[in-house]
Amino acid sequence: MSAPLTRTDHAAMRRVADICGDEADILALSVARFVAAGYMTSDVACWNAAFDGAEQLLGPTEGCRFVACVVAIIRALRAERDGDWSFMPASCCRVTGHECALVTLINRGRQRLWTDLEAAAAEITGREAAPRLVAAVRAAVGPLDAAAQRLAPASCPAGAVLH
């Protein structure tokens, strides 16, 4: 993670609701944050939290599939990106610039904008091309879209919380 944020820096950051188009985006960002925290701390409890949350919302099979897809994206990002990556805690309503780029990348895939996805993957990694990241996002499209359908407001049980 980067240097500590001041109160002014934090207030200037965008909010999760501003960048996430639906509940699947919110869940993907939350899972990515838990996975990133697990990498940072080497604590498996972070990854367990990602699985627990996704399984609670999507069921054991779809929840595991969803987390596996997000893990593949983060692993590809770690493999193909040379620089640091900044992220917020899973429960935070603010997002970093890196997280904004990640959500944008995922949405290029969900919109099937394959050329834009390749360009966004290259930009986020700082390379000419990021084939592993592109492949991971492409593989995640189905589970992300399935989660979006399942988590649509009409199908969410009363009181369900994703943040």
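Student: Which parts of the structure should I look at to understand the overall build of the protein chain?
Tutor: Helices and strands together make up the secondary structure of the protein chain, namely eight helices and two strands. Moving toward the C terminus, one meets the helices and strands of the protein chain in the order α-β-α-α-α-α-β-α-α-α. Per-residue burial over the protein chain gives 45% buried out of 163 residues. Sequence-distant contacts, at least 24 apart, represent 69% of the contacts inside the protein chain between residues at least 6 apart. As displayed, the protein chain has an accessible area near 8,600 Å², and 54% of this comes from carbon and sulfur atoms.

Student: Please clarify how the packing of aromatic side chains should be interpreted in this entry.
Tutor: Aromatic ring pairs are reported here in terms of the distance separating the ring centres and the angle at which the planes meet. Throughout the structure, instances matching the rule amount to one aromatic pair. Ring centres 5.5 Å apart and planes at 80° place the aromatic pair Y39 and W47 in the edge-to-face group. R78 extends its terminal NZ or CZ atom over the ring of Y39, reaching a point 3.7 Å from the ring centre. The residue whose ring lies beneath R138 is W114, and the NZ or CZ to ring-centre distance is 3.9 Å.

Student: Would you mind going over the nonpolar core with me for this structure?
Tutor: Proteins that are soluble and globular tend to have nonpolar side chains buried together. Counting residues in each nonpolar core, the largest one holds 41 residues, and the members touching the most others are V31, F66, I73, L102, L105 and L133. Where this core is concerned, the elements lending two or more residues are α3 (23-41), α4 (44-58), α5 (60-80), α6 (97-110), α7 (114-125) and α8 (131-151). Not counting residues within four places of it along the chain, the set of residues in contact with L105 comprises L117, A120, A121, I124, L133 and V137. With eight residues, the next largest nonpolar core counts V16, L29, V95 and V103 among its residues.

Student: What is the right way to read the layout of surface pockets from this model?
Tutor: Over the atoms rolls a probe the size of a water molecule, and its path tells where empty space is left. Considering only enclosed or pocket space, the largest pocket measures out at about 240 Å³ in volume. Lining the largest pocket are twelve residues; nearest its centre among them are A36, Y39, R78, D84 and W85. At the level of secondary structure, the elements contributing two or more residues to the lining of the largest pocket comprise α3 and α5. Looking at the lining of the largest pocket residue by residue, the class counts come to eight nonpolar, one polar and three charged.

Student: Even after reading the chapter, I still don't get the pattern of salt bridges, so can you show me in this structure?
Tutor: Oppositely charged side chains can form a pair if their charged atoms are brought close together. Taken as a whole, this structure holds seven salt bridges when the rule is applied. Ionic contacts of the salt-bridge type, sharing partners, join the residues D22, D25, R110, R112 and D145 into one network.

About the criteria used
- Residues numbered from 1 in each chain as written.
- Predicted model: local features only at pLDDT ≥ 70, side-chain atom pairs only at ≥ 80, totals over all residues.
- Heavy atoms only, no water.
- Helix = DSSP H or I, 4+ residues; strand = E, 2+ residues; numbered from the N terminus.
- Buried < 20%, exposed > 50% of the residue type's maximum accessible area, 1.4 Å probe, protein only.
- Contact = heavy atoms within 4.5 Å.
- Areas by Shrake-Rupley, 256 points an atom, 1.4 Å probe, with all protein chains shown as cover.
- Phe/Tyr/Trp six-rings, centres within 6.5 Å; stacked < 30°, edge-to-face > 60°.
- Lys NZ or Arg CZ within 6 Å of the ring centre and 35° of its normal.
- Core = buried A, V, L, I, M, F, W, Y, C linked by side-chain atoms within 4.5 Å.
- 1 Å grid on protein atoms, 1.4 Å probe; cavity = no way out; pocket = protein on both sides within 12 Å on 5 of 7 lines; lining within 4 Å.
- Points joined across faces, edges and corners; volume = space filled by probe spheres on them.
- Nonpolar A, V, L, I, M, F, W, Y, C, P; charged D, E, K, R; others polar.
- Salt bridge = Lys/Arg side-chain N within 4 Å of Asp/Glu carboxyl O.

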